[in-house]
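For reference, the chains in residue letters:
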Amino acid sequence: MNQLIDGRAVAAQERAKLKEKISALPGRKPGLAFILIGKDPASIAYVRMKKKGCEEVGIHSHVLKLSDKITEGELLAEIDHLNAKQDIDGILVQQPLPKQITTDVIVEAIDPTKDVDGFHPLNMGKLLLGHSDGLFPCTPLGIVHLLKTYKIETAGKHVVICGRSNIVGKPLAAMLCQKRAGGNATVTLAHSQTENFTALTQSADILIAAMGKASFITADMVKPGAVVVDVGVSRTQSGLVGDVAFDEVRKIASWITPMPGGVGPMTIAMLLSNTLKGYLS
Ligand code: GUN
């Protein structure tokens, strides 16, 4: 009972595999461009960690730092420029964006073959249809990768995903319900309007907490022996905490991700993997 899912270790293994593949590439190396707008400390920290991952595996990257006063037209021009660059295989516009910019407009302007976040509607459509040739969102990919690595069966299991974001909840639901290995789950997507929320979480064989509410999932909401995956990161007075009340839930879960050191490192590893996939496609 209560074993830790070590996202740091699995991500390190994944980076080592990517490094080997990239070093074996003849000629030019994959390239990833980050667009960082404004001075949000969390965004700056995330981009720094992603760039460090690139350096480790041999992806060349650069960060385009732009003012938070930038207009939508100016940002679209920067994206057009990166779309056309032969040595750039991935474009990542770190969110959130300033309020004068419509996120959907920006996401749709990125060439879908360079959309390493997997947020473009074309890639989301491919994901839903079960195609394998698209680029898919990194956090859900990382969660599926962790479950596979730990040989946690999803077929026929009840997976309850708490949180319906476009970045995590919706794409993860699409991945886990596909008719193939690593999928075949019975998925429930619970959210803030869900009735009998606790009864649902209690019925989960695999519970994914991705709603961004600090320590929301408590032990009484979890079936003993369930697998618990914590995607949340909230800044509180006691530091960064996940969506799961870890100390009490770990006592009854069969497997649980810590925070930090669970899903986060996997998200970055999958971004690097998507960049190589974009390069190879
Ligand atoms: N902001 C929070 N998470 C993400 C992510 O996965 N990608 C981008 N581009 N911005 C984010």
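Calculation notes
- Each residue is numbered by its place in its chain's sequence as written, counting from 1.
- It should be noted that, the model being predicted, local features are given only for residues of pLDDT at least 70 and side-chain atom pairs only at 80 or more, the latter also being counted only at that level, while totals for whole chains, interfaces and linings use all residues.
- Each side-chain value is derived from all of the structure's non-hydrogen atoms; neither hydrogens nor water enter the calculation.
- Whether two strands pair depends on DSSP finding at least two bridges between them.
- Helix and strand assignments come from DSSP, with helices taken as H or I runs of at least 4 residues and strands as E runs of at least 2, each series counted from the N terminus.
- Axis geometry follows a simple rule: fit a line to the C-alpha atoms, using only the stretch in contact for helices, then measure angles between N-to-C directions, giving values from 0 to 180 degrees.
- A contact between two residues is defined here by any heavy atoms of the two lying within 4.5 Å.
- Lys, Arg, Asp and Glu make up the charged group, whereas Ala, Val, Leu, Ile, Met, Phe, Trp, Tyr, Cys and Pro make up the nonpolar group; the residues left over, Gly among them, are polar.
- When two rings of Phe, Tyr or Trp (its six-membered ring) have centres within 6.5 Å they constitute a pair, described as stacked for plane angles under 30 degrees, edge-to-face for angles over 60, and tilted for the intermediate range.
- Throughout, the term near means that a residue has one or more heavy atoms lying within 4 Å of the molecule or strand in question.
- Throughout this description, a polar contact denotes any pair of N or O atoms lying within 3.5 Å of each other; where both atoms belong to protein, one of them has to be capable of donating a hydrogen while the other can accept it, and for residues adjacent in sequence the pair is counted only when both atoms sit in side chains.
- Note that accessible areas follow from Shrake-Rupley with a 1.4 Å probe, and for residues the cover is restricted to the protein chains shown.
- Take the buried residues of types Ala, Val, Leu, Ile, Met, Phe, Trp, Tyr and Cys, join any two whose side-chain atoms come within 4.5 Å, and each joined set is a nonpolar core.
- Think of it in three bands: residues with accessible area under 20% of the maximum for their type are buried, residues over 50% are exposed, and the middle band is partly exposed, with areas taken using a 1.4 Å probe on protein chains only.
- Each reported salt bridge corresponds to a side-chain nitrogen of Lys or Arg within 4 Å of a carboxyl oxygen of Asp or Glu.

J.: How should I be thinking about the sheet that holds strand 4 (residues 90-93) in this particular structure?
T.: Two modes of strand pairing occur in sheets, parallel and antiparallel, and in both the strands are linked by backbone hydrogen bonds. Taken in spatial order, the three strands of this open sheet run 3-2-4, and their pairing is parallel. If you trace the sheet from one side to the other, it starts and ends with strand 3 (60-66) and strand 4, each paired once. Strand-to-strand, the axes of this sheet are offset by a mean angle of 15 degrees, without reference to chain direction. Here strand 2 (residues 31-37) runs beside strand 3; their pairing, made up of seven bridges, is parallel. Residue pairing for strand 3: I37 is matched across the bridge by L66. Along the sheet, helix 2 (residues 41-57) contacts strand 2, strand 3 and strand 4; its crossing angle with strand 2, the most-contacted strand, is approximately 170 degrees. Those strands touched by helix 3 (residues 72-84) are strand 2, strand 3 and strand 4, and its axis lies near 175 degrees from that of strand 2.

J.: Looking at this model, I keep getting lost on the packing of helix 5 (residues 121-129) against helix 7 (residues 169-176). Mind explaining?
T.: The relative placement of two packed helices comes down to the angle between their axes together with the axis-to-axis distance. The interhelical angle for the contact between helix 5 and helix 7, taken along N-to-C directions, is 35 degrees, at an axis separation of 8 Å. Across the interface between the two elements, M124, L127 and L128 from helix 5 touch P171, A174 and M175 from helix 7. Residue composition of the contact of helix 5 with helix 7, grouped by class: six nonpolar, no polar and no charged.

J.: Can you help me understand the packing of aromatic side chains in this one?
T.: Each aromatic ring pair is described using two quantities: the centre-to-centre distance and the angle formed by the ring planes. Tallying each qualifying case throughout the model produces two aromatic pairs. Summarising the aromatic geometry, the rings of F197 and F216 are spaced 5.9 Å apart at their centres and angled 80 degrees between planes, so their arrangement reads as edge-to-face. Taken as a pair, F197 in helix 8 (residues 197-202) and F216 in the loop between strand 7 (206-209) and strand 8 (227-230) lie far apart in primary sequence, 19 residues in all.

J.: Please clarify how the site of the ligand should be interpreted in this entry.
T.: Around the ligand, the structure places K50, L92, V93, Q94, Q95, D117 and F119. Taking V93, its main chain carries an N or O atom lying 2.8 Å from a nitrogen atom of the ligand. At a separation of 3.3 Å, a nitrogen atom of the ligand approaches a polar side-chain atom of Q94. Here the ligand, which alone exposes 270 Å², has 79% of that area covered by the protein. Along the lines of polarity and charge, the residues of the shell around the ligand split into three nonpolar, two polar and two charged.

J.: When you look at the side chain of D89 in this model, what are you seeing that I'm missing?
T.: Within the secondary structure, D89 sits in the loop between helix 3 and strand 4. Looking at D89, its side chain comes within polar contact range of the side chain of R28, at 2.8 Å. D89 has contacts with R28, K29, P30, G31, T113, K114, V116, T275, G278 and Y279, leaving out every residue within four places of it along the chain.

J.: Explain the sheet that holds strand 11 (residues 255-256) to me, please; I cannot follow it from the model alone.
T.: Within the open sheet, the six strands sit side by side as 1-11-8-7-5-6. Their pairing is parallel. The two strands at the open ends of the sheet, each matched to only one other strand, are strand 1 (3-4) and strand 6 (186-190). The pairing of strand 8 with strand 11 spans two bridges and is classified as parallel. Bridged to V228 within strand 11 is I256.

J.: Help me understand unusual backbone geometry in this model?
T.: The general pattern is negative phi for most residues beyond glycine and trans for most peptide bonds. A cis geometry characterises the amide bond from Q95 onward to P96, with omega recorded as 5 degrees. Mapped onto the secondary structure, P96 falls in the loop between strand 4 and helix 4 (103-109). The peptide bond linking M259 to P260 adopts the cis configuration, its omega dihedral lying at 5 degrees. Mapped onto the secondary structure, P260 falls in the loop between strand 11 and helix 10 (263-280). Even without glycine at this site, K151 takes up a positive phi of about 50 degrees.

J.: I keep staring at the nonpolar core and nothing clicks. Help me out?
T.: Nonpolar side chains in soluble globular proteins tend to be buried together. Membership of the largest hydrophobic core comes to 47 residues, with the highest contact counts inside it found for L32, I143, L176, I208, V227, V229 and V231. Ranked by residue count, the leading element in this core is helix 10, at eight residues. Apart from the residues lying within four places of it in its own chain, the contact partners of I143 are L172, I208, V229, V231 and V263.

J.: Help me understand the pattern of salt bridges in this model?
T.: If the charged atoms of two oppositely charged side chains come close together, the side chains can form a pair. In this structure the tally under the stated criterion is six salt bridges. Taking the shortest distance from any N to any O, the salt bridge between D89 and R28 comes out at 2.8 Å. Of the two residues, D89 is situated in the loop between helix 3 and strand 4 and R28 in the loop between helix 1 (7-23) and strand 2; the sequence distance between them amounts to 61 residues. With a relative accessible area of 35%, R28 lands in the partly exposed category. Residue K126 pairs with D133 through a salt bridge whose shortest N-O separation is 3.2 Å. Classification of D133 as exposed rests on a relative accessible area of 51%.

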